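# Structure assessment
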Protein chains: 2
Amino acid sequence: MGLGKNYEGQDCSLARSLELLGERWTLLIVRDALYGVRRYGDFLAHLGIPRAVLSQRLSALVDAEVMERRRYQESPPREEYVLTGKGRELWPPVLALAHWGERHMSDAGPRRVFRHVPCDAPIGAGATCSACGAYVPVEEVEVRPGPGADLTREDPVSVALRGPRRMLEPLP
Amino acid sequence: MGLGKNYEGQDCSLARSLELLGERWTLLIVRDALYGVRRYGDFLAHLGIPRAVLSQRLSALVDAEVMERRRYQESPPREEYVLTGKGRELWPPVLALAHWGERHMSDAGPRRVFRHVPCDAPIGAGATCSACGAYVPVEEVEVRPGPGADLTREDPVSVALRGPRRMLEPLP
DNA sequence: ACGCGTCGGTTCGATGACTGAACTAAGATG
DNA sequence: CATCTTAGTTCAGTCATCGAACCGACGCGT
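Note that this is a predicted model, so its numbers are computed, not measured.

This paragraph deals with the protein's contact with DNA strand C. The full set close to DNA strand C counts 22 residues, and Arg51, Arg69 and Tyr81 of chain A together with Arg57 and Ser75 of chain B are the nearest of them. Restricting the count to atoms of DNA strand C within 4 Å of the protein gives a sugar and phosphate share of 69%. Here a phosphate oxygen of DNA strand C sits 3.3 Å away from a polar atom, N or O, in the main chain of Gly41 of chain A. Residue Arg78 of chain A places a side-chain N or O atom 3.0 Å away from a sugar or linking oxygen belonging to DNA strand C. Elements with a minimum of two residues in the surface near DNA strand C: α3 (40–47), α4 (51–63), β1 (67–73) and β2 (78–83) of chain A together with α4 (51–63) of chain B. Its residues assigned to classes, the surface near DNA strand C shows 9 nonpolar, 4 polar and 9 charged.

With that out of the way, let us pick up the environment of Pro118 of chain A. Residues and elements named next belong to chain A. Within the fold, Pro118 resides in the loop between β3 (112–116) and β4 (121–122). The exposure class assigned to Pro118 is exposed, which follows from its relative accessible area of 59%. Taking the C-alpha atoms as reference, Pro118 lies 27 Å from Leu27; in sequence the two are 91 residues apart.

Residues and elements named next belong to chain A. Spatial ordering of the open sheet is given by β4-β3-β5-β6, a layout of 4 strands whose pairing is antiparallel. With one partner strand each, in any of the chains shown, β4 and β6 (165–166) form the two edges of the open sheet. Both β3 and β4 contribute to a ladder of 2 bridges, which runs antiparallel. Bridge assignment links His116 to a residue of β4, and that residue is Ala121.

In this section: the packing of aromatic side chains. Counting across every chain of the model gives 4 aromatic pairs over all chains. For the pair Tyr7 of chain A and Trp25 of chain B, a centre-to-centre distance of 5.0 Å together with 70° between the ring planes defines the contact as edge-to-face. With one member in each of two chains, Tyr7 of chain A in the segment before α1 (13–21) and Trp25 of chain B in the loop between α1 (13–21) and α2 (26–35) form a pair that bridges those chains. In this structure, Tyr7 of chain A and Trp25 of chain B share a single accessibility class: buried.

A few words now on the domain arrangement of chain A. All names here are of chain A. The assigned domain composition of chain A is domain 1 (13–86) and domain 2 (88–166). Here the C-alpha centroids of domain 1 and domain 2 sit 20 Å apart. Counting residues at the interface gives 16 residues for domain 1, matched by 18 residues for domain 2. Counting the surface domain 1 buries against domain 2, the share from its top three residues, Leu34, Tyr35 and His46, is 47%. Taken together, domain 1 and domain 2 are joined by 8 residue pairs in polar contact (both at pLDDT 80 or more).

Scoring rules and cut-offs
- Residues numbered from 1 in each chain as written.
- Chains lettered and ligands numbered in written order.
- Predicted model: local features only at pLDDT ≥ 70, side-chain atom pairs only at ≥ 80, totals over all residues.
- Heavy atoms only, no water.
- Near = heavy atom within 4 Å.
- Polar contact = N/O pair within 3.5 Å; in protein donor to acceptor, adjacent residues only side chain to side chain.
- Helix = DSSP H or I, 4+ residues; strand = E, 2+ residues; numbered from the N terminus.
- Nonpolar A, V, L, I, M, F, W, Y, C, P; charged D, E, K, R; others polar.
- Buried < 20%, exposed > 50% of the residue type's maximum accessible area, 1.4 Å probe, protein only.
- Pairing = 2+ DSSP bridges.
- Phe/Tyr/Trp six-rings, centres within 6.5 Å; stacked < 30°, edge-to-face > 60°.
- Domains from an automatic or database assignment.
- Contact = heavy atoms within 4.5 Å.
- Buried area = accessible area lost by both parts, 1.4 Å probe.

In structure tokens, the structure reads:
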């Protein structure tokens with residue numbers, strides 16, 4: 001966008017959220033992070049985002065305490081970006097938007113299917129389990145490709161998403 | 001943003017949604033429409049958005065069949081923008097984002113409180129009623145100001161939101 | 001020791017989007 | 001007839017994004 005600053009007049013928590021999350025690419029970065037992506041290069045390859053924009057967005061997410069930047073090895077120094085609790089709680093809005101897109105913007109059937117691991121039951125909109133009815137945190141979710149998925153992409157993230165995967169689990 | 005077009009590489013329904021909804025201002029327009037705002041001038045005054053951007057966004061929402069443009073009086077000709085069914089189903093993602101903002105981006109307590117009218121019970125994240133447990137469509141929701149609300153703004157929309165209001169109900 | 005590759009960035013010019021103010025059009029109101 | 005309201009469009013300036021190139025720290029092979 002040019003989203004960042006200008007929603008001050010809005011007396012609304014949605015506007016507060018969008019000051020951070022409404023900028024171009026930001027929610028897609030969060031989505032990838034929910035899938036378990038942590039490294040700069042993996043975000044870059046999967047999103048096809050300009051490097052400068054990725055850097056700026058990751059910094060903004062870290063400043064907002066949605067992600068945490070940490071060094072996962074010294075020598076050579078390597079950084080990774082991991083969702084905080086605040087960030088993991090973005091799972092319901094992300095799911096709700098994806099669900100809406102699935103029903104109204106997609107022609108080929110669902111691209112991803114989410115299951116509640118303890119119940120082995122599908123998850124509906126609202127992030128509730130269709131079996132136990134409870135709110136399902138990301139930690140208990142598994143993704144697998146749906147009938148509309150594109151299985152031809154070759155970047156590390158797309159490859160990892162071809163099989164069933166626990167959400168948040170780091171890529172190999 | 002400059003959001004619109006560029007998410008084609010993404011194999012994801014979230015990206016499809018964001019091509020439309022991720023542009024600056026768009027979700028705030030939808031939020032106002034859920035509150036019952038229908039007229040160009042009301043959107044303009046409540047959002048403080050540049051006129052050209054408002055026109056462009058409303059057109060995009062109409063093209064996407066999220067809103068419908070219709071003439072509510074001849075002579076002088078006047079247009080209004082009303083959510084379609086597809087648009088009203090944006091209520092869960094909007095609520096989820098607002099809820100997240102309320103918990104993580106707001107200091108002053110909730111600004112708006114939503115109740116399920118038949119049950120007279122509060123609505124939680126996930127757009128489910130805390131009493132009957134069912135999914136609550138916007139049509140059955142009432143908004144009222146919460147403790148964090150700003151009651152000093154004087155535009156027609158802000159004034160209408162000072163009292164309890166049925167969602168979607170047109171402004172006077 | 002040298003050159004090459006990888007990872008995580010920063011810098012830069014060109015392009016495109018957003019902003020705010022001014023202007024237009026069609027009719028109502030006094 | 002002049003003025004006001006509503007719903008826009010047009011335009012110049014500013015700001016964000018894009019894509020390509022560059023940089024620095026280090027590992028690895030020879």
